[in-house]
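Topology and contacts: notes
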Amino acid sequence: MRPFAFGKALLLAALLPSAAAAVQCSDTGGQYEDWKPLMAAEAEAAGVGRRGIEALMNTSYSKATIGADRNQKSFRYSLEKFLEVRGADAIVNLGRKRKAQNPEFYAALERQYGVPAGVLIAIHGMETGFGNFMGDTNVVSAIATLAYDCRRSDFFTPHLIAALKLVDMGAISPATVGAKHGELGHTQFLPGNALTYGVDGNGDGRVDLTDIVDAMASTANFLRQKGWRPGAGYQQGEPNFAVIEEWNAATVYQQAIALMAARIDG
């Protein structure tokens, strides 16, 4: 299992001052076409090549992405309601079956990365229903829309640069689909995290987050690189809960993952 040979530094490449100053975010899609060549100049300054730039220029403003971004109501629920709405009992029951069907796979991941099966399985179940729905939205357009939109432009612009570099490398294509916020694969990696933490788990020479082996290895690698301590607890107040916080910023989500993981491993 080998990680991508490129690192975080690619996401932080210096931007040309003239391009950076020219790029303006917007709260509506009206200026999107004018924004694309300005963003392309910034991306080129950050090391994006021809294929990535072409992918950016062929994007369209994603109203579906903006709608999803403005309507994340479930994260405002109580923990009890969130668990109910997200189908926690079903995730736990199916998760236990998945672990029982392939125990050595998860044991091998824990030996290498120190992350218990329950945590990986809970994330997998929560993110995509164990791969049953990995998204229906063009990834590059979704990420570009969020980089253009003012609400979280600073957060998503590095992910856009990463997505374009993934296109350059052939890791994704301009037509790749994912979730509404541009997340990829079984456990919904944002492009910057795919670039930095993606792992070739099955040894075929490429990282494919729609492949279950690559996705689970990449998820375990992400958690380990974020500070996961093998053998330490992961419930709220225990050392590894802080690492679960790195996966998703919503407290109710973090709590749900920890609780479901314990039930799966129990």
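Scroll up for the structure.
What this report covers is the structure whose coordinates are included nearby. (Residues numbered from 1 in each chain as written. Predicted model: local features only at pLDDT ≥ 70, side-chain atom pairs only at ≥ 80, totals over all residues. Heavy atoms only, no water.)

Attention now moves to the environment of methionine 134. The residue methionine 134 is located in the loop between α8 (117-128) and β2 (137-138) in this model. Note on methionine 134: relative accessible area 21%, which makes it partly exposed. For the pair formed by methionine 134 and glycine 178, sequence separation is 44 residues and the distance between their alpha carbons is 5.8 Å. Not counting residues within four places of it along the chain, the set of residues in contact with methionine 134 comprises Thr128, Gly178, Ala179, Glu183, Gly185, His186, Gln188 and Thr210. (Helix = DSSP H or I, 4+ residues; strand = E, 2+ residues; numbered from the N terminus. Buried < 20%, exposed > 50% of the residue type's maximum accessible area, 1.4 Å probe, protein only. Contact = heavy atoms within 4.5 Å.)

Membership of the largest hydrophobic core comes to 72 residues, with the highest contact counts inside it found for Trp35, Leu160, Leu223 and Met260. Counting residues per element, this core draws most heavily on helix α14 (residues 251-265), at eight residues. Excluding its chain neighbours within four sequence positions, the residues that come into contact with methionine 260 are Ala88, Ile91, Val92, Ala122 and Met126. (Core = buried A, V, L, I, M, F, W, Y, C linked by side-chain atoms within 4.5 Å.)

Let us look at the packing of aromatic side chains. Think of a pair of aromatic rings as described by two things: how far the centres are apart, and how the planes are tilted against each other in angle. The tally for this structure, following the rule as stated, stands at 12 aromatic pairs. An angle of 90° between the planes, with centres 5.2 Å apart, marks the rings of tyrosine 32 and tyrosine 148 as edge-to-face. Taken together, the residues tyrosine 32 in helix α2 (residues 32-45) and tyrosine 148 in helix α9 (residues 139-148) connect sequence positions 116 residues apart. Neither tyrosine 32 nor tyrosine 148 differs from the other in exposure class; each is buried. On the basis of an interplanar angle of 35° and a centroid distance of 6.0 Å, the ring pair of tryptophan 228 and tyrosine 234 is categorised as tilted. (Phe/Tyr/Trp six-rings, centres within 6.5 Å; stacked < 30°, edge-to-face > 60°.)

For helix α6 (residues 88-101), spanning 14 residues, the distance from its first C-alpha to its last is 20 Å, which sits close to the expected 20 Å at 1.5 Å a residue. All of the buried residues in α6 are Ala88, Ile91, Val92 and Gly95. Taken around the axis of α6, the buried residues stretch over an arc of 95°, which confines them to a single face. Across from the buried face of α6, at angles greater than 90 degrees, the exposed residues are Lys97, Ala100 and Gln101. Against the buried residues of α6 lie α5 (79-85), α8 and α14. (Expected span 1.5 Å × (residues − 1). Arc of directions from axis to C-beta.)

Before going further, it helps to examine the layout of surface pockets. Looking at the largest pocket, its volume works out to about 1300 Å³. Gln72, His181, Glu183, Leu190 and Asn248 are the residues nearest the centre of the largest pocket, which is lined by 45 residues in total. By residue class, the composition of the lining of the largest pocket is 19 nonpolar, 15 polar and 11 charged. Taken as a whole, the second largest pocket encloses approximately 200 Å³ of empty space. Taken together, 15 residues form the lining of the second largest pocket, with Ala171, Ile172, Leu184, Asp208 and Leu209 sitting closest to its centre. Its residues assigned to classes, the lining of the second largest pocket shows nine nonpolar, four polar and two charged. (1 Å grid on protein atoms, 1.4 Å probe; cavity = no way out; pocket = protein on both sides within 12 Å on 5 of 7 lines; lining within 4 Å. Points joined across faces, edges and corners; volume = space filled by probe spheres on them. Nonpolar A, V, L, I, M, F, W, Y, C, P; charged D, E, K, R; others polar.)

With that settled, the discussion passes to the state of the cysteines. Taken as a whole and judged by the stated rule, the model has one disulfide. The disulfide partner of cysteine 25 is cysteine 150, and the gap between their sulfur atoms is 2.0 Å. Residues cysteine 25 and cysteine 150 are joined through a disulfide that is right-handed, its torsion about the S-S bond being 95°. Of this pair, cysteine 25 sits in the loop between α1 (17-22) and α2 while cysteine 150 sits in the loop between α9 and α10 (153-169), and the two are 125 residues apart along the sequence. (Disulfide = S-S within 2.5 Å.)

We now examine the packing of α2 against helix α3 (residues 50-57). With their axes 9 Å apart at the nearest point, α2 and α3 run at an angle of 160° to one another. With respect to α3, the axis of α2 lies roughly antiparallel. Classified by chirality, the crossing of α3 by α2 is right-handed. Along its contact with α2, which presents Trp35, Lys36, Pro37, Met39, Ala40, Ala43 and Glu44, the element α3 presents Ile53, Leu56 and Met57. (Axes fitted to C-alpha atoms, helices over the stretch in contact; angles between N-to-C directions. Parallel < 35°, antiparallel > 145°, perpendicular 65-115°, else oblique. Left-handed = near helix turned anticlockwise from the far one by under 90°.)

Take unusual backbone geometry next. Phi at phenylalanine 130 takes a positive value of approximately 60°, unusual for a residue other than glycine. Structurally, the position occupied by phenylalanine 130 is in the loop between α8 and β2. With a relative accessible area of 9%, phenylalanine 130 lands in the buried category. Backbone geometry at glutamine 188 places phi at a positive 65°, although glycine is not the residue there. Along the chain, glutamine 188 falls in the loop between β3 (177-178) and α11 (191-197). Judged by relative accessible area, glutamine 188 falls into the buried class, the value being 11%.

Functional significance is not addressed by these values, which are geometric in nature.
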